[in-house]
Amino acid sequence: MKKNKKAFHYSMNSSVIIVGAIIITLLLNAILVTLNDRFSLEIDFTEDGIYELTDTTKELLDKLESDVEMIMFVKDNQSEMVTMLKTVLGKYTQHSSKLSVSEVNVVKDPSAVTAYDDIIESEKFTVGSLVLKNENKKEFVSSANFVTTDGYSNIERSVTSKLVNFVDGMSLSAITFTSGHGEAKATSTETVLETDAYRIETLDTLTQDFPSDKNSLVVINAPKNDFSAEEIEKLDAYLDRGGNVMIAFDPQIDAKLERLESYLAADWGIIRSNNIVVDQKQQITGTPYSILQFTDHDIVKPVKEESRYVVTSFSNSLEIAPEVPQSVTVKEVLTTTQDATETNIESLYGGVAMPDARVGKFNVMVAASRDNYIMEDNKTFTGHLVVCGSESMFNSVILESRFANEDVFLNAINWMKGSDSGISVRIKRMPGGSLTISQGHFWTWFVVLIVVVPLGLLISGLVIWLKRRYK
Amino acid sequence: MKAILKREFKSYFRSPIGFVFLAVFFAYSSLMFVFNNLLTQQTLMKPFFAEISMIFIFVIPILTMRSFAEERKSKTDQLLLTAPVKVTDIVLGKFLAAAGVLLLAVVATMFYVLVLNSYGEPVFSEIFIGYLGLFLMGAFFISLGIFLSSLTQSQVISAVSTLAIIFFLWFTSSLSIKFANMMDGAFNWLGIFLDWLIDFLAINNRFADFTLGVLNFVPVFYFVSLTALFLLLTVRVIEKRRWK
């Protein structure tokens, strides 16, 4: 009887301990999961802190005053990119209670997607895309550029640049592209700018005035037709009042731009040569690109320090006139090596040798500034001008993260505007890199790791077992 | 406990079990390494970790099936239970011995990192986190296997039940059923609880955090707490037998 009572007590105690332990384990895990939704309970060990938010993003999130919902479009089998996106968005919600994330399954609930038809850009819509919305605004974030082909993540940069629109008092800085002169469409450049939280605008210089804001920036991208005298006047007046202009030429088209070129030469001391410079020794095998040389200009200093490459294909050379106007300062930014050769369109495509072709160092990008005192304002304005001999520096190559063309482009904008005017969240390197292994080494490791070592272990086990058995 | 740990660890290598475990683990992991890294020429070890952890379904039962079941069948458990040692020490000794063999196997695969380092630039910190997750998950499976071994005297039943449960836990993450959507009205809370439970049991999702190169304390606590829970359950099972 006494034994039975003891057994009952023991069983009771044991059951209570077991049930208690299970409940405590489940409860503690549930609490931790809940805490993790609000506070970061993790340490990012990736090389570039890919799952950490940059200070720029954190500062922006601190300024959010209204609740913003981030609607993520997913499907059942989520890709690696979507997993990464969810982790990064988790960091946003951990940092700001104003943000929340919800999911819409595009396969199971297609009607929920159509509810955002007004904002979704169908040609850029892929799984992982987002819609950010609050009571007043909606923004679409395409996942198409979240991961670059060469292994970089754009997630934080893309999301943060769109969140800027939800912060009261913050407006996007505008970059204006001119039109009306057969300018090339700068799709890749526009993508980069939009990702960096710039607003893209178009300006028909024939009918419209240049922006009045001295913090604005105008891009003239590979014009085919010349500017009129009136337009040159407007351009000059804009620069006189502290405007910023970037001009890129296309060396492969026979554009007649006498007025524009004369203006650059006379007023800024920058002479565009009617040539094409080729730096064959610097050409990267298998690509049309040659590596350019850095000067000590502020635009390229950070890239130079990181030992990264800026590349271009063909380029016009840009000479600095022996005598430049007194108020103008003009400096080289990017050049070729001393081994570059000069050619022209006829020579390149027609096989006719260019007479007196030079060999040597040519300027590919130059930057100039000009001070101008305006009496009625009693103020000196500084206009900035950056000229590129090759628009190919900033076409699709700008999206190739292995090159620093994008950085140089954005640095040039910041140099002209005098500050970090965009939202500078840099792209981050995704985990992993490449291996260079010969076929011989591959097969050696294949045999050693898969056959030799396991077989050795099995034989050792067999020998020990047999020894013990027949001892 | 030290004596038990020593005895158990040695016993793995007195029989072919330890060697078979190491050989199978190394052969499979090498195969995954060669195909996921050397063949694709990449230093990223995430796919390697994702696939190598699958071998646990088959090799952990080999490691744990005999821990208590064999003692019980050969009646040597009587000696252990009457010896002046705490049950906790017996369970911990057996667990640490099996975990030691697992650690040996995991450390051996770190040789791959040296191979990667000869041909590329792997990020060691990211890879280390993957290995930590691999070991923690393996340790949890061992505690589960030891618990199941303590419930039976048949090594086969112990191995098969361990394999079945690990297999179930492994594939729970692939379930895309949402009970909350199926159970409306009064039973909605049950649906929500079942969804939470399935998410809780989806071990693969917990392990995935480690393969990203992120040390998240939630899955660390998850594996450690579940390991401790199953060791505690094993202690209660043995205590009960001793007391009887």
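All values reported here derive from a predicted model rather than from experimental measurement. (Residues numbered from 1 in each chain as written. Chains lettered and ligands numbered in written order. Predicted model: local features only at pLDDT ≥ 70, side-chain atom pairs only at ≥ 80, totals over all residues.)

## Some thoughts on the overall build of chain A
Then, number 1: Across its full length, chain A holds 12 helices and 22 strands.
Then, number 2: Relative to a compact globule of 471 residues, whose C-alpha radius of gyration would be 23 Å, chain A shows 31 Å and is clearly more extended.
Then, number 3: Going through the 471 residues of chain A one by one, you find that 37% of them count as buried.
Then, number 4: Considering only residue pairs separated by 6 or more positions, chain A has 76% of its internal contacts joining residues 24 or more positions apart. (Helix = DSSP H or I, 4+ residues; strand = E, 2+ residues; numbered from the N terminus. Rg over C-alpha atoms; globule rule 2.2 N^0.38 Å. Buried ≥ 20, exposed ≤ 12 C-beta atoms within 10 Å, placed from the backbone. Contact = placed C-beta atoms within 7 Å.)

## A short note on the environment of A:Thr335
Then, number 1: Within the secondary structure, A:Thr335 is located in strand E17 (residues 328-335).
Then, number 2: The buried category is assigned to A:Thr335, around which 22 C-beta atoms lie within 10 Å.

## Considerations on helix H2 (residues 17-38) of chain B
Then, number 1: The terminal C-alpha atoms of H2(B), which comprises 22 residues, lie 30 Å apart, in line with the 32 Å expected from a rise of 1.5 Å per residue.
Then, number 2: When you tally the buried positions in H2(B), you get 16 out of 22 residues, the bulk of the element. (Expected span 1.5 Å × (residues − 1).)

## Focus: helix H4 (residues 56-64) of chain B
Then, number 1: Counting buried positions along H4(B) yields seven of nine residues, so the element is predominantly enclosed.
Then, number 2: Among the residues of H4(B), B:Phe56, B:Val59, B:Ile60, B:Pro61, B:Ile62, B:Leu63 and B:Thr64 are the ones counted as buried.

## As for unusual backbone geometry
Then, number 1: In this model, A:Ala222 sits at a positive phi of 50°, which is unusual for a non-glycine residue.
Then, number 2: Inspection of the secondary structure puts A:Ala222 in the loop between strand E9 (217-221) and helix H7 (229-240).
Then, number 3: Take A:Ala222: there are 24 C-beta atoms within 10 Å of it, and that puts it in the buried class.
Then, number 4: Its identity as a non-glycine residue notwithstanding, B:Gln41 has a phi of 55°, on the positive side.

## Quick look at the packing of H7(A) against helix H8 (residues 258-268) of chain A
All names here are of chain A.
Then, number 1: Between H7 and H8, the shortest axis-to-axis distance is 10 Å and the interhelical angle comes to 35°. Of the two elements, H7 crosses H8, and the hand of that crossing is right-handed. Of the residues in H8, those in contact with Ala229, Ile232 and Asp236 of H7 are Arg259, Leu260, Tyr263 and Asp267.
Then, number 2: For the contact of H7 with H8, a count of residues per class yields four nonpolar, no polar and three charged. (Axes fitted to C-alpha atoms, helices over the stretch in contact; angles between N-to-C directions. Left-handed = near helix turned anticlockwise from the far one by under 90°. Nonpolar A, V, L, I, M, F, W, Y, C, P; charged D, E, K, R; others polar.)

## Remarks on the sheet that holds E17(A)
To summarise the sheet geometry, strands pair through backbone hydrogen bonds and adopt either a parallel or an antiparallel arrangement.
Residues and elements named next belong to chain A.
Then, number 1: Strands sit in the order E8-E7-E9-E10-E21-E20-E17-E14 across an open sheet of eight strands; the sheet is mixed. Unpaired on one side and paired on the other, strand E8 (198-204) and strand E14 (293-294) mark the two borders of the sheet.
Then, number 2: In this structure, strand E10 (residues 244-248) lies alongside strand E21 (residues 379-388), joined through five bridges in parallel fashion. Looking at E21, one finds that Met246 is bridged to Val386.
Then, number 3: The sheet strands contacting H7 are E10, strand E20 (363-374) and E21, and the helix crosses E21 at an angle near 125°. (Pairing = 2+ DSSP bridges.)

## Comments concerning the nonpolar core
Then, number 1: Judged by nonpolar contacts, the single largest core of 103 residues is most densely connected at B:Phe21, B:Leu63, B:Ala98, B:Met137 and B:Ile142.
Then, number 2: A total of 13 residues in this core trace back to one element, the largest contributor, which is helix H9 (residues 124-150) of chain B.
Then, number 3: Membership of the second largest hydrophobic core comes to 69 residues, among which are A:Val219, A:Ala367, A:Val387 and A:Leu410. (Core = buried A, V, L, I, M, F, W, Y, C linked by C-beta atoms within 7 Å.)

## Re the interface of chain A and chain B
Then, number 1: On the chain B side, the residues contacting the 44 residues of chain A number 49 residues.
Then, number 2: Elements supplying a minimum of two residues to the side of chain A that touches chain B: helix H1 (2-38), strand E1 (42-44) and helix H12 (439-469) of chain A.
Then, number 3: When residues in the side of chain A that touches chain B are grouped by element, the largest group, 15 residues, is from H12(A).
Then, number 4: For the side of chain A that touches chain B, the class distribution of residues is 27 nonpolar, 12 polar and five charged.
Then, number 5: Note: E1(A) against strand E1 (residues 214-216) of chain B, three bridges, orientation antiparallel. Bridge pairing in E1(B) places A:Asp44 opposite B:Val214.

## Regarding the environment of A:Glu230
Then, number 1: Along the chain, A:Glu230 falls in helix H7.
Then, number 2: C-alpha of A:Glu230 to C-alpha of A:Thr205: the two residues are 25 residues apart in sequence and 9.2 Å apart in space.

## Structural notes on the confidence of the model for chain B
All names here are of chain B.
Then, number 1: The predicted model of chain B averages 87 in pLDDT, with 99% of residues at 70 or higher.
Then, number 2: Least confident of the elements in chain B is helix H11 (residues 179-182), whose mean pLDDT is 74; most confident is H9, at 93.
Then, number 3: Quick note on the complex model: pTM equals 0.70, ipTM equals 0.84. (pLDDT = per-residue confidence, 0-100.)

## Notes on the sheet that holds strand E5 (residues 138-141) of chain A
Residue and element names in this part refer to chain A.
Then, number 1: The strand order E3-E2-E4-E5 describes an open sheet built from four strands, whose pairing is mixed. What marks the edges here is a single partner per strand, and that holds for strand E3 (99-105) and E5. For this sheet, the mean inter-axis angle between neighbouring strands, taken without regard to orientation, is 20°.
Then, number 2: The pairing of strand E2 (residues 68-74) with E3 spans seven bridges and is parallel. Each bridged residue has a counterpart across the sheet, and for Val68 the counterpart in E3 is Leu99.

## Examining the domain arrangement of chain A
All names here are of chain A.
Then, number 1: As far as domains go, chain A holds domain 1 (55-165) and domain 2 (172-429).
Then, number 2: The C-alpha-based centres of domain 1 and domain 2 are spaced at 34 Å.
Then, number 3: Contact residues are listed per partner, giving 15 residues for domain 1 and 15 residues for domain 2.
Then, number 4: Mapped by element, the contributors of at least two residues to the side of domain 1 that touches domain 2 are helix H2 (55-62), strand E6 (152-153) and helix H5 (155-163).
Then, number 5: Looking at the side of domain 1 that touches domain 2 element by element, the count peaks at five residues for H5. (Domains from an automatic or database assignment.)

## Overview of the pairing of strand E18 (residues 340-343) of chain A
Note on strand geometry: in a regular strand, side chains alternate between the two faces of the sheet.
All names here are of chain A.
Then, number 1: Of the pairings in the sheet, the one linking strand E12 (residues 276-278) to E18 comprises three bridges and is antiparallel in character. Each bridged residue has a counterpart across the sheet, and for Val277 the counterpart in E18 is Glu342.
Then, number 2: As defined by bridge partners, E18 adjoins strand E19 (residues 359-360) across two bridges and the pair is classed as antiparallel. Along E19, the bridge assignment pairs Thr341 with Val359.

## Observations regarding the pairing of E8(A)
Residues and elements named next belong to chain A.
Then, number 1: The pairing of strand E7 (residues 173-179) with E8 spans seven bridges and is classified as parallel. What sits directly across from Thr178, in E8, is Leu203.
Then, number 2: Running through helix H6 (residues 187-195), the crossover from E7 to the neighbouring parallel element E8 is right-handed. (Right-handed = clockwise from strand over helix to strand, strands pointing away.)

## Quick word on the environment of A:Met430
Residue and element names in this part refer to chain A.
Then, number 1: On the secondary structure map, Met430 appears in the loop between strand E22 (428-429) and H12.
Then, number 2: Sequence separation between Met430 and Thr54 is 376 residues, and the spatial gap between their C-alpha atoms is 15 Å.
Then, number 3: Leaving out residues up to four positions away in the same chain, Met430 has contacts with Ile50, Val147, Gly151, Tyr152 and Ser153.

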